[in-house]
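# Remarks on the overall topology
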Amino acid sequence: MTQVTQLKERLVQLEVLRYNPDTDTEAHFQRYEVTCYEEWVVLDALNKVKADIDPTLNFRWSCHMAVCGSCGMMINGEPKLSCHTFLRDYEGVIRVEPLAHFPIERDLVTAPDDFMEKLKRVKPYIIPKEKKPISEGEYKQTPAQLMKFRQYSMCINCMLCYAACPEYGLSPSFIGPAALTMAHRYNQDSRDGGRMERQEVVATHEGVWECTFVGACSEACPAHVDPASALQQMKITSSIDWIVEHLIPGGKK
Amino acid sequence: MDTISTDVAIIGAGGAGLRAAIALAETNPTLRIALISKVYPMRSHTCAAEGGAAGVIKPDDSFDLHFDDTVGGGDWLSDQDCVEYFVHEAPKELLQLEHWGCPWNREADGSVAVRPFGGMKKKRTWFAADKSGFHILHTLFQTSLQFPSITRYDEYYALDLLVDDGRCQGVTVMEMRSGQLRQFHAKAVIIAGGGAGRMFPFSTNGAIKTGDGMALAYRAGAPLKDMEFVQYHPTGLPNTGSLLTEACRGEGGILVNKNGRRFLQDYGMGPETPVGKPQLKTMELGPRDRVSQSIWHEIQKGNAVSTQWGDCVLLDMRHLGEKMINERLPLVRELCASYLQVDIVKDPVPIRPVVHYMMGGISTNTKAATPLPGLFAAGECACVSLNGANRLGSNSLVELLVFGHRAALSAIEHIQGLPAANTAALNARAEETQARIDDLFSRTDGTESMSGLRKEMMDTMEKNVGIYRTEEGLQEGVSKIHELRQRYQRVILTDKTSVFNTDLFQALELGSMLDCAEAVTVGALARKESRGSHQRLDYVERDDKKFLCHTMVHHQGLDVPRVDYLDVVITKSPPGVRDYSGDHK
Amino acid sequence: MSRRPLVREVPPTSWYFRHPLYLRYMSREITCIFVAAYCVLLVVGLQRLSSGPTAWDAFLTGLKSADSIVFHLLALAASVYHAATWFGATHKAMPIQIGEEFVPPNVISGAHYAVWAVLSFVILYLAGVF
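Residues numbered from 1 in each chain as written. Chains lettered and ligands numbered in written order. Predicted model: local features only at pLDDT ≥ 70, side-chain atom pairs only at ≥ 80, totals over all residues. Heavy atoms only, no water.

### Some remarks on the overall build of chain B
For chain B, the count of helices and strands is 15 helices and 24 strands. Over its C-alpha trace chain B gives a radius of gyration of 23 Å, about what one expects of a compact globule, namely 25 Å for 585 residues. By residue count, 70% of the 585 residues in chain B fall in the buried class. Pairs at least 24 residues apart make up 75% of the contacts formed inside chain B by residues separated by at least 6 positions. Of the roughly 17,500 Å² of accessible surface on chain B, a fraction of 50% belongs to carbon and sulfur atoms. (Helix = DSSP H or I, 4+ residues; strand = E, 2+ residues; numbered from the N terminus. Rg over C-alpha atoms; globule rule 2.2 N^0.38 Å. Buried < 20%, exposed > 50% of the residue type's maximum accessible area, 1.4 Å probe, protein only. Contact = heavy atoms within 4.5 Å. Areas by Shrake-Rupley, 256 points an atom, 1.4 Å probe, with all protein chains shown as cover.)

### Side note on the interface of chain A and chain B
Each partner contributes to the interface: chain A provides 70 residues, whereas chain B provides 71 residues. For the pair chain A and chain B, the summed buried area comes to about 5,800 Å², and 56% of that belongs to carbon and sulfur atoms. If you look at where chain A meets chain B, you find five salt bridges. The closest approach of N and O atoms between Asp 113 of chain A and Arg 177 of chain B, which form a salt bridge, is 2.8 Å. Counting across the chain A and chain B interface gives 34 residue pairs in polar contact (both at pLDDT 80 or more). Listing elements by their share of the side of chain A that touches chain B, those giving two or more residues are helix H1 (42-53), strand S6 (104-106), helix H2 (113-121), helix H3 (143-150) and helix H6 (177-187) of chain A. Split into classes, the residues belonging to the side of chain A that touches chain B amount to 38 nonpolar, 16 polar and 16 charged. (Buried area = accessible area lost by both parts, 1.4 Å probe. Salt bridge = Lys/Arg side-chain N within 4 Å of Asp/Glu carboxyl O. Polar contact = N/O pair within 3.5 Å; in protein donor to acceptor, adjacent residues only side chain to side chain. Nonpolar A, V, L, I, M, F, W, Y, C, P; charged D, E, K, R; others polar.)

### A few points about unusual backbone geometry
Residues and elements named next belong to chain B. Omega for the bond connecting Gly 270 with Pro 271 falls within 30 degrees of zero, at 0 degrees, which places this linkage in the cis form. Looking along the chain, the bond that leaves Val 384 and enters Ser 385 is cis, with omega of 20 degrees. Here the phi dihedral of Met 283 falls at roughly 50 degrees; this positive angle occurs in a residue that is not glycine. Judged by its relative accessible area of 0%, Met 283 is buried.

### Brief notes about H6 of chain A
By the criterion of burial, H6 of chain A is predominantly enclosed, with 11 of the 11 residues buried. Residues Pro 177, Ala 178, Ala 179, Leu 180, Thr 181, Met 182, Ala 183, His 184, Arg 185, Tyr 186 and Asn 187 of chain A constitute the buried set of H6 of chain A.

### Remarks on the pattern of salt bridges
Between side chains of opposite charge, pairing is possible as soon as their charged atoms come close. Scanning all chains against the criterion turns up 79 salt bridges over all chains. Between Glu 15 of chain A and Arg 31 of chain A there is a salt bridge; the shortest N-O distance is 2.5 Å. Here Arg 31 of chain A lies in strand S2 (residues 28-37) and Glu 15 of chain A lies in strand S1 (residues 9-18), a separation of 16 residues in the sequence. With relative accessibility at 47%, the residue Arg 31 of chain A sits in the partly exposed group. Each of Asp 75, Asp 226, Glu 228, Asp 289, Arg 527, Glu 529, Arg 531, Arg 542, Asp 544 and Arg 578 of chain B takes part in one network of salt bridges that share partners.

### Things to note about a nonpolar patch on the surface
Residue and element names in this part refer to chain C. Together, Val 118, Phe 121, Val 122, Leu 124, Tyr 125, Leu 126, Val 129 and Phe 130 give the surface a local cluster of nonpolar side chains, amounting to about 850 Å² of exposed area. Tracing the backbone through its elements, the reader meets Val 122 in helix H4 (residues 105-126). Assessed through its relative accessible area of 38%, Val 122 is described here as partly exposed. (Patch = residues over 30% accessible without salt bridge, like charges linked within 9 Å, V, L, I, M, F, W, Y side chains within 5 Å.)

### Quick word on helix H14 (residues 502-526) of chain B
Residues and elements named next belong to chain B. Counted at 1.5 Å a residue, the expected span for H14 with its 25 residues is 36 Å, and the 36 Å between its end C-alpha atoms agrees. Within H14, 24 of the 25 residues are buried, which leaves it mostly tucked inside the rest of the structure. With a side-chain oxygen lying 3.1 Å from the backbone nitrogen of Asp 503, the N-terminal cap of H14 falls on Asn 501. (Expected span 1.5 Å × (residues − 1).)

Dropping the structure here:
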């Protein structure tokens, strides 16, 4: 095993966007200097600032292991989870801003209302293909059937993809990567029969057809969900649906 | 102050709260349900649970075996009528989750797969890779979205219960984004606010686990039960405290000291089983309290590995192979790589025991009812007691489902034929809460720093209420926490503005933690025996004559709480010996 | 003493300068202008062909001009970039699952390149290059 070494310290400079509706009409940056350990993440630095320097700094966090999705923010212009952004990867002043494309409530806290509404709109729950009482046991689902949708079920709802997506930034009515991916996750689940119901919501102008496959969402996603792939796959099924309905005699929806 | 009228108010939207909400909505779609949480539901700490949820499903398993494992694992402090109910309901709840879309891992034939877990005689832990809690939470949250009768109040912090006429009739909350107080007038209240592990400096718990739900009930007159039983999970990352699931050992990982010895065999969990072929209920699959205590002893003996984060032992998973690790333990691999820069495929990872779960909580009966009529509780914030003196891994996730559901059914029974509320009385209670908050804001002569007090509390808990406790240490702990509770009355806010004021929320959370910490220390001092996760160096034996009972702590304002005891319900399993050696029958 | 969420505007015509990934995306999208222009050129060529030998010869002469050669080089570069980015992304739109595994992305894009090479060879052969 490695010999005992002391934890290396490091002086970190953070440039943090502040906004308090009680006192400010605009946002402004504030510089903090704080001693950290080299192995820390940006969240640790923010917590140290709040505990020792400025208790009025506000941000969300909880699990510190990239699974709860609370701590999304822009770090040097990239959407990241602050609990999973390592100081060792940064030099110089680190710029910390609230997650892009969402209104700022206060400091680094954004208002996620639009995302929450869109998530609900896509009907992200099993609409069973065939109903079955639990007394009859589980729906059989092979490992291969599970793999068909499992990747898309990993979304932690952190909204980094919404911050990365330029379409969402320019067209706020876009349903967006994570919500649309949730529809796809259920469409791909062998137990579900609700694809056509969801298509009415997702195969629309504000749905998948707003997407131009920039792919920034999948780059930003910390849970390897690859939302871009889900949206492109839904575009294909949407196209096939349209062809069947409009061009094939006797083809029904 | 705004008043919102509802039928059932649920405080906490994690696994238990969401399950209760869905059960209410399904059983009676005309009920108005207010689901109140200080965080968005997907942030609830249920998401961090990794290993799985236990339920009897395979033909070689039985309810009796699950019952025996749980009662023995709890060192006979579990109420056996509750355990009986639990083991029967568990598989139904897990199947219901499967029907709602939970992506459980599967056997080749499409049936649900189960994995071995600590302290269990048979494989019965259902799992979804190593993110079971995450999938359970998201399945429940997404399922809840289809019920229009569930109205969510996200980022509302619950301040005080409204109690009148001897009944709980609602709660006063703060809307966090505006700082406004609002009242909920409800016919029944279900608390599902989670545990309080953040009172310790080093835990697997997220920032939000500050015991607010427990403190709410406690201050309203419901006793807290068995608070001294704090579970240390054996394998936590030594720097962040993040959880490395028990499944690491379930899949075959081994624990070794600095000499490469699998030391658990020296603590009654031998003989050594073959590497990579774990045997149920022995060696690395022993119960969490025994494994954590063994690691503590190894560290005391000087057999630990010294690292820059302190003394650790090693968890070795190399022999599992890259394919199995990527398939069954991908999150574990990622956590070790990111936070420790260790690749578990190539190297053993240093770990040490971390505070993880509180067996204690708001006292309820098997129907999830607290002694305060109209108030129900479920999940980690409650103590039925299912888990007794030590919880078996994978019982908690399913506990959320079983008792979340049960709390909903009990709430529905309770609200039949209730007399009308005395709104004037409830409004008066709410105004008291407003005054309390106003006082906190307007205080200018405060002498205490909030983060300073918090640090002192954490240091005290770490030093005096650890894995092994002594009379002297506990006395010091009791008086120090009591002192901190008094000093807390003079804490001052630096931020006095109204929008999303986390300085305020942290101050309120500190108040909750201090209340819960006092219950923990007082209960630990009074329990003069060693049982399960409560181990005393001065009373090393279990004492069934005096202490086969639950510690009940009652809030007395700023005074020291009152302690009394409640007998454990024993039905078919008289207290026996916990045998985790390889020769056990 | 209440909420006043602050909305940050996204600059509608210069947003793509904010990140290299956005610039790469825009350059990918711009290639479609060259692809479209080349299609127009092909249609014009067909029209000239059907108008008789004089028009056709004039068209061929025009193709040999310096402007034309520059355009063709740019259009070739754009088309290659267009195709390469397309091939690299196809696996996202059409995942191929065999049992519990997915066909690796480079196999899918590799297959596209292989088909492209074969088609290119066939066309060049038919055009008499070999």
